[in-house]
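# Coordinate inspection notes
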Amino acid sequence: MASKAASSCRLVFCLLISAAVLRPGLGWYTVNSAYGDTIVMPCRLSVPQNLMFGKWKYEKPDGSPVFIAFRSSTKKSVQYDDVPEYKDRLNLSENYTLSISNAKISDEKRFVCMLVTEDNVFEAPTIVKVFKQPSKPEIVSKAPFLETEQLKKLGECISKDSYPDGNITWYRNGKVLQPLEGAVVIIFKKQIDPVTQLYIMTSSLEYKTTKADIQMPFTCSVTYYGPSGQKTVYSEQAVFDIYYPTEQVTIQVFPSKNAIKEGDNITLKCLGNGNPPPEEFLFYLPGQPEGIRSSNTYTLADVRRNATGDYKCSLIDKKSMTASTAITVHYLDLSLNPSGEVTKQIGDALPVSCTISASRNATVVWMKDNIRLRSSPSFSSLHYQDAGNYVCETALQEVEGLKKRESLTLIVEGKPQIKMTKKTDPSGLSKTIICHVEGFPKPAIQWTITGSGSVINQTEESPYINGRYYSKIIISPEENVTLTCTAENQLERTVNSLNVSANENKEKVNDQAKLIVGIVVGLLLAALVAGVVYWLYMKKSKTASKHVNKDLGNLEENKKLEENNHKTEA
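Along each chain, residue indices are assigned from 1 in the same order as the chain's sequence is written. At least 70 in pLDDT is required for a residue's local features to be given in this predicted model, at least 80 for side-chain atom pairs to be given and counted, and no such filter applies to totals for whole chains, interfaces and linings, which use all residues. With hydrogens and water stripped out, all remaining heavy atoms of the structure feed into the side-chain values.

## Overview of a nonpolar patch on the surface
- A grouping of Leu525, Leu528, Val532 and Leu536 is seen on the molecular surface, where their side chains present a nonpolar patch of about 380 Å² in accessible area.
- Secondary structure elements are taken from DSSP: a helix is a run of H or I of four residues or more, a strand is a run of E of two residues or more, and numbering for both begins at the N terminus. Relative to the assigned elements, Leu528 resides in helix 2 (residues 503–569). Residues enter patches when they are more than 30% accessible in relative terms and free of salt bridges; like-charged ones are connected within 9 Å and nonpolar ones (Val, Leu, Ile, Met, Phe, Trp, Tyr) within 5 Å. Working definition of accessibility: Shrake-Rupley area with a 1.4 Å probe, residue cover restricted to the visible protein chains. One side-chain nitrogen of Lys or Arg within 4 Å of one carboxyl oxygen of Asp or Glu is enough to make a salt bridge.

## Structural notes on the state of the cysteines
- Two cysteine sulfurs form what is called a disulfide whenever their separation falls within 2.5 Å. Summed over the entire model, instances satisfying the criterion amount to five disulfides.
- Between the sulfur of Cys157 and that of Cys220 lies a disulfide, 2.0 Å long from S to S. With the S-S bond torsion at 75°, the cross-link from Cys157 to Cys220 turns out right-handed. Pair noted here: Cys157 is in strand 12 (residues 151–162) and Cys220 is in strand 17 (residues 217–226), with a separation of 63 residues, a long-range link.
- Disulfide partner of Cys270: Cys313, at an S-S distance of 1.9 Å. Since a negative S-S torsion denotes a left-handed disulfide, the Cys270-Cys313 link at about 70° is right-handed. With Cys270 in strand 22 (residues 266–272) and Cys313 in strand 26 (residues 309–315), this residue pair connects regions lying 43 residues apart in the sequence.
- Buried, partly exposed and exposed residues are distinguished by accessible area as a fraction of the type maximum, computed with a 1.4 Å probe on protein chains only: under 20%, between the cut-offs, and over 50%, respectively. On the accessibility criterion, Cys313 (0% relative accessible area) is buried.

## Re the pattern of salt bridges
- Per the counting criterion, the structure on display carries 19 salt bridges.
- One salt bridge in this structure joins Lys190 and Asp165, with 2.3 Å as the shortest N-O distance. Here the residue Lys190 occupies a position in strand 15 (residues 184–192), and Asp165 occupies one in the loop between strand 12 and strand 13 (167–172), the gap between them amounting to 25 residues.
- On the accessibility criterion, Asp165 (22% relative accessible area) is partly exposed.
- In this structure, the salt-bridge partner of Arg304 is Asp302, at a minimum N-O distance of 2.7 Å.
- Here the salt bridges do not stand alone but share partners, grouping Glu262, Arg305 and Asp333 into one network.

## Overview of the side chain of Thr223
- Note on placement: Thr223 falls in strand 17.
- N or O atoms closer than or at 3.5 Å make up a polar contact, with two conditions inside protein: a donor-capable atom paired with an acceptor-capable one, and, for residues adjacent in sequence, both atoms drawn from side chains. A distance of 3.2 Å separates the side chain of Thr223 from the side chain of Thr232, its partner in a polar contact.
- Not counting residues within four places of it along the chain, the set of residues in contact with Thr223 comprises Gly166, Asn167, Gln230, Lys231 and Thr232. We call two residues in contact whenever any of their non-hydrogen atoms come within 4.5 Å of each other.

## Some thoughts on the packing of aromatic side chains
- In this scheme Phe, Tyr and Trp rings, the latter by its six-membered ring, pair at centre separations within 6.5 Å, and the angle between planes marks the pair as stacked below 30 degrees, edge-to-face above 60, and tilted otherwise. According to the stated counting rule, one finds 12 aromatic pairs in the structure shown.
- On the basis of an interplanar angle of 75° and a centroid distance of 5.2 Å, the ring pair of Tyr207 and Phe218 is categorised as edge-to-face. Of this pair, Tyr207 sits in strand 16 (residues 199–208) while Phe218 sits in strand 17, and the two are 11 residues apart along the sequence.
- Look at Phe218 and you get buried, because its relative accessible area is 1%.
- By way of ring pairs, the aromatic residues Tyr58, Tyr86 and Phe111 are connected into one cluster.
- Charge-over-ring contacts are defined here by two conditions on Lys NZ or Arg CZ: a distance within 6 Å of the ring centre and an angle within 35 degrees of the ring normal. Of note, Lys109 hangs over the ring of Tyr58, and the distance from its end group to the ring centre comes to 4.9 Å.

Any link to function would need more than the numbers given here.
See the structure below:
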């Protein structure tokens, strides 16, 4: 028995060594994996019933095998060979699928799954391909500026950590740049990192610019192959500063020419359309033939209306290249008569005028107590409601901030005037006395009552509006009384009285008492009549009852007599 087992082991060993002779396996099979992922290689062989064990190996470039994993079909145990590059990276499942974690470029090999029986060895080879997406390309070593009509290095496009290597392409405004002698020069090179075995790709671009390249974006891309085929990754856009000479001069005014007003500071700015622009210019003011040398700006402070005129600027080394502009300094004057605080008496006349002087047509608006008026105020006879704060405001709408305004505070004074009215309550029990007062300053109201009577309500005042208000009192007089209303302000003290009669109240009270007595008497008489009628009715009812009983007695007696007569006859 032992001899047979030994013989079997020797046979298996021989079969493994000479597997190339007994290789009824499958054809080539490729597994694609991304760099750093897990490589999964199924065995692709049907497991025979008399399987002894399964093994995996890979082949060196010279064709010699290196065994890396072993699984017994009986003991279900897994053993991994001592191969340093695959330490702690292998996993062999029960169906003999081999997984290799953290895929590396060095894993690009030919792996073989081997299933061994007592008399045969079955093999299934697998080719592993590892791919690594390159980093996003980046334009580095960029030129700080490019000059028109000069061939100059624009920059370098670099992409790292690629496997396999890829191609770099340059673009101008999204269109591919092709090499062109004297205008476009592209140099491409690649390197391999000795540790990671990944590619580093670099492409430099020399470019001859024109003014058409101003603000034009330049980009580059890297094209590579991955597990799913060819892909392309693009860099961020790069825009370069293009230098070119000045061909035209322009002049600018700040603030805007239409918005310049007296008191402003005017800044003149001269510009050349070259890049970089000129740093110094000559400025010419109205009436001055000689230019003032300055930087590209020149400021005039606190300008007046006499600064209106033509302004020019030119290049220092080329005075014929000039630019000019006309400036108008806008102004606005306003005069209000009268203005400030003015006190007038009621009924007085007050002429008001608002005079405007401006560099162009101005709008005029009148306001009273923050409410816009439809027309300018005119007072031929002042009333209390004319008092208030008047504002005349003017503006040049085209010139921001150019506004003028003056105010008139009008005070209309008057002595107190009194008017008293009386109103009787519908019940007739009380009367409301109202004292209407007008005057300014606001008069104080005081009531005085002569005579007796109860005051139902204390005095009540209305709001003081346009120099007018009233005070009222409700009273129920027991006799004729006199109510006196006194109104007083700083100008005068005014008194007015009103007599209030109590007769109306008494007559209405007596009428009401008579009405109540009449109602009570009527109710008593009605009750008396009803009692008499009821008594007569009851008396009549008793008499009729006696007659009925008597008649019934007579009938019974007659009936008995008839019965006796019949008996006698019988």
